[in-house]
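In case you want the letters, here they are:
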Amino acid sequence: MTLQGIAERLGLHVSTVSRVLNGPRDRRVRAASGDTAERIRRLADELGYRPNPLAAGLRTRRSNLIGVLVPRLSEIVMATVYEGAEEAAAAHGLSAFVTNTHDDPALQRDRIAMVLARRVDGLIIGDAHLDGAALDVPGLRGTPFVLVNRRTRAGHTSVTCDDRLGGRLVAEHLLALGHRSVGVLAGEPFASTGADRTEGFVERYREAGLPVPAHRVVHCAFDTAGGRRAATALLTGSGSGASDARPTALFAVNDFAAIGAAGAARDLGLHLGRDLALAGFNDTPLAAELPVPLTSVHSPMAEQGRRAVALLLRRIAGEETASEVLTPELRVRESTGEPVGAPLG
């Protein structure tokens, strides 16, 4: 059954039927009166009508497909970003599909080429490295794309959380609690998320006259195992060559590294909120449900995905676009405990 067949049975113009059944979701409600739209949908269901995206693509020279690249969809941050992107894409009559790159530059290039081979209308890239090297793919130069969650030094259009501000918010909180001796689980050095959050935190402590020593900033994977190793090194002084006292507070640049740090603290006999203050980033749903609820910076993850689609659609339409930076909020919970001294800075 075709659109033309449905239109003839109902005595309507085929364009009206097409707008009701195939148009972007926000326009379908305006395509026809409520009664007419209901008659169209009911007959389409009875006749088993299904849109033919290949035929539509031949007519419009568009695939109505958006490719999304992420490091790992198993990570709740990128899964949430993707949910927001898919929701926004569907609202505009587009389909989104996702592929994992494992943050490997060679695999990133291969996956970009694979996605481009699907003749997508555009890409949303959530695995960018600061150097942007993996984006140097010939076919990508003629295809609209938007970065999400991470930025590059080259300034490609992106939607990110204000990660530097988020790091400063954690520093302000720990300074207000009186913590002089702090450490940072800084994440991977190639990712803007880790670099910017760390820089914001370190910058605020420097302004307070308490510069964070270099050996107190430890890079690690964005997962629990990486957080555990980095926290163990900071709390025991192993590998730093320094003999100063252990930090009284740790800032992990994502929640899963913070959970790993909590495990390291437990193994060392330290109680969160009493012997050690700990803060994370992203405010994943798990953060508030831990045995000691985790203080964390709330990042608007799903909204990043939605905004990335909005920017991408503008780029597909040939419009000029500028990067967007969304505002984070600090969610204070028991893991950072009570004041340990007079406020600092």
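Above this text you will find the structure in question.
Residues numbered from 1 in each chain as written. Predicted model: local features only at pLDDT ≥ 70, side-chain atom pairs only at ≥ 80, totals over all residues. Heavy atoms only, no water.

S.K.: Please clarify how the overall build of the chain should be interpreted in this entry.
M.R.: When you go through the chain residue by residue, the secondary structure sums to 12 helices and 12 strands. Long-range pairs, those at least 24 residues apart, make up 71% of the contacts in the chain between residues at least 6 apart in sequence. Summing over all exposed atoms, the chain offers an accessible surface of approximately 16,000 Å²; the carbon and sulfur share of this is 51%. On the chain, the mean spot of the 40 positive side-chain charges and the mean spot of the 39 negative ones are 5 Å from each other. (Helix = DSSP H or I, 4+ residues; strand = E, 2+ residues; numbered from the N terminus. Contact = heavy atoms within 4.5 Å. Areas by Shrake-Rupley, 256 points an atom, 1.4 Å probe, with all protein chains shown as cover. Lys, Arg positive; Asp, Glu negative; His and termini not counted. Charge placed at Lys NZ, Arg CZ, Asp CG, Glu CD.)

S.K.: Can you walk me through helix H10 (residues 224-236) in this structure?
M.R.: Each α-helix winds once per 3.6 residues, and so residues spaced three or four apart point in a common direction. The first and last C-alpha atoms of H10 sit 18 Å apart over 13 residues, in line with the 18 Å expected at 1.5 Å per residue. Along H10, the residues classified as buried are Gly226, Gly227, Ala230, Ala231, Leu234 and Leu235. On an axial view of H10, the arc spanned by its buried residues comes to 150 degrees, and they lie on one face. On its buried face, H10 sits against strand S6 (182-185), strand S7 (217-218), strand S8 (249-252) and helix H11 (255-267). A distance of 3.4 Å separates the backbone nitrogen of Ala225 from a side-chain oxygen at the start of H10, and that oxygen is part of Asp223. Of the residues one or two after H10, Gly237 is the one with positive phi, at around 75 degrees. (Expected span 1.5 Å × (residues − 1). Buried < 20%, exposed > 50% of the residue type's maximum accessible area, 1.4 Å probe, protein only. Arc of directions from axis to C-beta. Polar contact = N/O pair within 3.5 Å; in protein donor to acceptor, adjacent residues only side chain to side chain.)

S.K.: Looking at this structure, how should I read the nonpolar core?
M.R.: Across soluble globular proteins, you tend to see nonpolar side chains buried next to one another. Ranked by internal contacts, the top residues of the largest apolar core, which has 25 residues, are Val170, Leu174, Phe201, Tyr205 and Phe251. Mapped by element, the contributors of at least two residues to this core are helix H8 (163-176), S6, helix H9 (192-207), S8 and strand S9 (277-282). With 4 residues, the top contributor of residues to this core is H8. If we skip the residues at most four places from it in the chain, Phe201 touches Gly167, Arg168, Val170, Ala171, Leu174, Val182, Val184, Val212 and Phe251. Membership of the second largest hydrophobic core comes to 23 residues, among which are Val81, Ala88, Met301 and Leu311. (Core = buried A, V, L, I, M, F, W, Y, C linked by side-chain atoms within 4.5 Å.)

S.K.: Looking at this structure, how should I read the sheet that holds strand S10 (residues 295-298)?
M.R.: Note: strands within a sheet are paired through backbone hydrogen bonds, in either parallel or antiparallel orientation. Across the sheet, which stays open at both edges, the 6 strands sit in the order S7-S6-S8-S9-S10-S12 with mixed pairing between neighbours. What marks the edges here is a single partner per strand, and that holds for S7 and strand S12 (329-331). Here S6 runs beside S8; their pairing, made up of 4 bridges, is parallel. Its bridge partner being in S8, Val184 is matched across the sheet by Phe251. Contacting S6, S7, S8 and S9, H9 crosses the sheet at an angle of about 165 degrees to S6. (Pairing = 2+ DSSP bridges. Axes fitted to C-alpha atoms, helices over the stretch in contact; angles between N-to-C directions.)

S.K.: Looking at this structure, I do not really get the pattern of salt bridges. What am I missing?
M.R.: One side chain can pair with another of opposite charge once the charged atoms of both are near each other. Here the structure, examined in full by the defined rule, presents 22 salt bridges. The salt bridge involving Glu203 is made with Arg164; its shortest N-O contact spans 3.7 Å. Linking Glu203 in helix H9 with Arg164 in helix H8, this pair joins segments that are 39 residues apart in sequence. Asp275 is the salt-bridge partner of Arg274, the closest N and O atoms lying 3.8 Å from each other. (Salt bridge = Lys/Arg side-chain N within 4 Å of Asp/Glu carboxyl O.)

S.K.: Teacher, can you tell me more about unusual backbone geometry here?
M.R.: Among all residues save glycine, negative phi is the norm, and among peptide bonds the norm is trans. Although it is not a glycine, His102 sits at a positive phi angle of roughly 55 degrees. Looking at the element boundaries, His102 is found in the loop between strand S2 (95-100) and helix H7 (105-117). Relative accessible area serves as the criterion here: at 43%, His102 is assigned to the partly exposed category. Backbone geometry places Arg119, a non-glycine residue, at a positive phi of 60 degrees.

S.K.: I keep staring at the sheet that holds strand S1 (residues 65-70) and nothing clicks. Help me out?
M.R.: If you walk across this open sheet you meet the 6 strands as S2-S1-S3-S4-S5-S11, and the pairing is parallel. Across the chains shown, the open sheet's two edge strands, defined by having one partner strand only, are S2 and strand S11 (324-326). Strand-to-strand twist across the sheet, computed as the mean angle between neighbouring axes with direction ignored, equals 20 degrees.

S.K.: Whenever I open this one, the packing of helix H2 (residues 14-22) against helix H4 (residues 34-47) confuses me. Can you help?
M.R.: Helix-helix packing is described using two parameters, namely the angle between the two axes and the distance between the axes. It is the contact of H2 with H4, at a shortest axis distance of 10 Å, that shows an interaxial angle of 75 degrees. Here H2 lies roughly perpendicular to H4, going by the angle between them. Contact residues: H2 offers Thr16, Val17, Val20 and Leu21, while H4 offers Ala37, Ile40, Arg41 and Ala44. (Parallel < 35°, antiparallel > 145°, perpendicular 65-115°, else oblique.)

S.K.: Before we go on, may I ask you to explain the packing of aromatic side chains in this structure?
M.R.: Aromatic ring pairs are reported here in terms of the distance separating the ring centres and the angle at which the planes meet. In total, this model carries 2 aromatic pairs according to the counting rule given. An aromatic cluster of at least three residues, connected via ring pairs, comprises Phe201, Tyr205 and Phe251. Residue placement shows Arg118 over the ring face of Phe97; its charged tip is 4.6 Å from the ring centre. (Phe/Tyr/Trp six-rings, centres within 6.5 Å; stacked < 30°, edge-to-face > 60°. Lys NZ or Arg CZ within 6 Å of the ring centre and 35° of its normal.)

S.K.: Sorry if this is basic, but what is going on with the packing of H10 against H11 here?
M.R.: It is at 6 Å that the axes of H10 and H11 come closest, and there the two elements cross at 50 degrees. The pairing of H10 with H11 is recorded here as oblique in orientation. For the pair H10 and H11, the crossing hand works out as right-handed. Counted together, Thr224, Gly227, Arg228, Ala231, Thr232 and Leu235 of H10 and Phe256, Ala257, Ile259, Gly260, Ala261, Gly263, Ala264, Ala265, Arg266 and Asp267 of H11 form the full contact between these two elements. (Left-handed = near helix turned anticlockwise from the far one by under 90°.)

S.K.: I'm lost on the pairing of strand S4 (residues 145-148) in this one. Help?
M.R.: On a regular strand, one side chain projects to one face of the sheet and the next to the other, so that they alternate. Neither face of S4 is open: one carries Phe145 and Leu147, the other Val146 and Val148, and all of them are buried. With 3 bridges connecting them, strand S3 (residues 122-125) and S4 associate as parallel partners. For Ile125, the partnering residue across the bridge sits in S4 and is Leu147. Pairing of S4 with strand S5 (residues 158-161), which is carried by 2 bridges, proceeds in the parallel orientation. Counted as the bridge partner of Val148 is Val159 from S5.

The values are spatial; any link to function lies outside them.
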